[in-house]
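Structure at a glance
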Amino acid sequence: MKTKRIRTLSALGVLSLILGLMLLAACSAPDLEPKTDPEPVAPSQVLDFATLYARNCAGCHGAQGRGGPSIALANPVYLAIVDETTMRNIVANGLRGTSMPPFAEHAGGMLTEQQVEVITSGIFSRWGRKQVLDGVNPPSYTAKAAASVDHGQLVFGTYCASCHGPEGGGTPKGSAITNDSFLALVSDQALRTFVIAGRPELGAPDWRGNVPGRPMTDQEITDVVAWLASRRAQNPGQPYSALTYAQHSEK
């Protein structure tokens, strides 16, 4: 009986030792250690350029700044003619009367001043190339002289009509740029920017490439923008062409 009791106690001791070793191994196993997820970052604390750009800019300006419904920001010519202060103001306050909204909190947006700065400086540091216009005298970013609408029509015929049609209604080579819905969504400054910097993502050249060997002058750009602006409907009222609407109404 005594021997049997000793054997029982020995078996219990071995079992306890095995269970203890198993428990010790389980506690020390790396994959079973308690894990803590990082605390979520508040939207106002996000300072990563790629994240901020993807959330706030890519929808219109395209992934990696390659362009979309609006101008490509990764266009070195554009970044060479616009300064950072102007860009920062556009990002913060938007462009009234266009599809560009304000993003800064003080203007009704969702971004802090620091986030606006991250986006602005990031655009220039990643996609700008200051030397792209070395040795070139580019047109000014904004108009510096009075415009002539009549002369602008002649300029359009010389530099633009071959792609956009004689009245800007579009051809297989270029879009309709006198469409009243398009003109209702862009400012005169945006039109000037398109002419100067081009839209390489759409195959549209900058101010030097419309007529080989004959870059547009600053005054010609000012005048053609004035002519385009003169075609803008005063009260477009519809998200589609008023002319198209009238044609369908007659049927």
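First, a word on what this report is: a plain description of the structure on this page. (Residues numbered from 1 in each chain as written. Predicted model: local features only at pLDDT ≥ 70, side-chain atom pairs only at ≥ 80, totals over all residues. Heavy atoms only, no water.)

1. Focus on helix 6 (residues 113–127)
The end-to-end C-alpha separation of helix 6 is 21 Å, in line with the 21 Å expected for 15 residues at 1.5 Å each. Three or more residues of helix 6 are buried, namely Gln115, Val116, Val118, Ile119, Thr120, Gly122, Ile123, Phe124 and Trp127. (Helix = DSSP H or I, 4+ residues; strand = E, 2+ residues; numbered from the N terminus. Expected span 1.5 Å × (residues − 1). Buried < 20%, exposed > 50% of the residue type's maximum accessible area, 1.4 Å probe, protein only.)

2. Section: helix 7 (residues 149–159)
Turning to helix 7, its buried residues number three or more, namely Gly152, Val155, Phe156 and Tyr159. Taken around the axis of helix 7, the buried residues stretch over an arc of 105°, which confines them to a single face. Facing away from the buried side of helix 7, by more than 90 degrees, are the exposed residues Asp150 and Leu154. (Arc of directions from axis to C-beta.)

3. Some details on the nonpolar core
Leu73, Tyr78, Met87, Ile123, Phe156, Met216 and Val224 are the most contacted members of the largest nonpolar core, which totals 49 residues. Looking at this core, the elements with two or more residues in it are helix 2 (49–56), helix 4 (76–81), helix 5 (84–93), helix 6, helix 7, helix 10 (188–197) and helix 11 (218–230). (Core = buried A, V, L, I, M, F, W, Y, C linked by side-chain atoms within 4.5 Å.)

4. Points about the environment of Leu228
Secondary-structure assignment places Leu228 in helix 11. Residue Leu228 is classed as buried on the basis of its relative accessible area, which comes to 4%. Residues Leu228 and Ile177 lie 51 residues apart in sequence; the distance between their C-alpha atoms is 7.9 Å.

5. Quick notes on the pattern of salt bridges
In this structure the tally under the stated criterion is 7 salt bridges. Of the charged contacts in the structure, one is a salt bridge between Glu167 and Arg231, with a shortest N-O distance of 3.1 Å. Within this pair, whereas Glu167 is found in the loop between helix 8 (161–164) and helix 9 (180–185), its partner Arg231 is found in the loop between helix 11 and helix 12 (242–249), the two being separated by 64 residues in sequence. On the basis of relative accessibility, which here comes to 32%, the residue Arg231 falls in the partly exposed class. Here Glu201 makes a salt bridge to Arg199, at a shortest N to O gap of 2.7 Å. Residue classification places Arg199 among the buried positions, given a relative accessible area of 11%. Where salt bridges share partners, they join Glu84, Arg88 and Glu117 into one cluster. (Salt bridge = Lys/Arg side-chain N within 4 Å of Asp/Glu carboxyl O.)

6. Here we look at the environment of Ile123
Relative to the assigned elements, Ile123 resides in helix 6. With 44 residues separating them in the primary sequence, Ile123 and Leu79 have C-alpha atoms 8.6 Å apart. Filtering out sequence-adjacent residues up to four positions away, Ile123 remains in contact with Phe49, Leu73, Leu79, Met87 and Gly128. (Contact = heavy atoms within 4.5 Å.)

7. Regarding the packing of helix 2 against helix 6
Axis separation between helix 2 and helix 6 bottoms out at 9 Å; the angle between their running directions is 105°. Classed by the angle they form, the pair helix 2 and helix 6 counts as roughly perpendicular. In this structure, helix 2 uses Phe49, Leu52 and Tyr53 to contact helix 6, whose residues at the interface are Gln115, Val118, Ile119, Gly122, Ile123, Arg126 and Trp127. Grouping the amino acids of the contact of helix 2 with helix 6 by side-chain chemistry returns 7 nonpolar, 2 polar and 1 charged. (Axes fitted to C-alpha atoms, helices over the stretch in contact; angles between N-to-C directions. Parallel < 35°, antiparallel > 145°, perpendicular 65-115°, else oblique. Nonpolar A, V, L, I, M, F, W, Y, C, P; charged D, E, K, R; others polar.)

8. With respect to the packing of aromatic side chains
Considering all chains together, one arrives at 4 aromatic pairs under this definition. On the basis of an interplanar angle of 80° and a centroid distance of 5.4 Å, the ring pair of Tyr53 and Trp127 is categorised as edge-to-face. Of this pair, Tyr53 sits in helix 2 while Trp127 sits in helix 6, and the two are 74 residues apart along the sequence. For the pair formed by Tyr53 and Trp127, the shared burial category is buried. When the centroid spacing of 4.8 Å and the interplanar angle of 40° are considered together, the rings of Phe156 and Trp227 count as tilted. Here Phe156, found in helix 7, pairs with Trp227, found in helix 11; they are 71 residues apart in sequence, far enough to count as distant. On the basis of relative accessibility, which here comes to 1%, the residue Phe156 falls in the buried class. These aromatic residues form a ring-pair network of at least three members: Phe49, Tyr53 and Trp127. We note Arg199 situated over the ring of Phe194; from NZ or CZ to the ring centre the distance is 5.6 Å. (Phe/Tyr/Trp six-rings, centres within 6.5 Å; stacked < 30°, edge-to-face > 60°. Lys NZ or Arg CZ within 6 Å of the ring centre and 35° of its normal.)

Any functional reading would require information that these geometric values do not contain.
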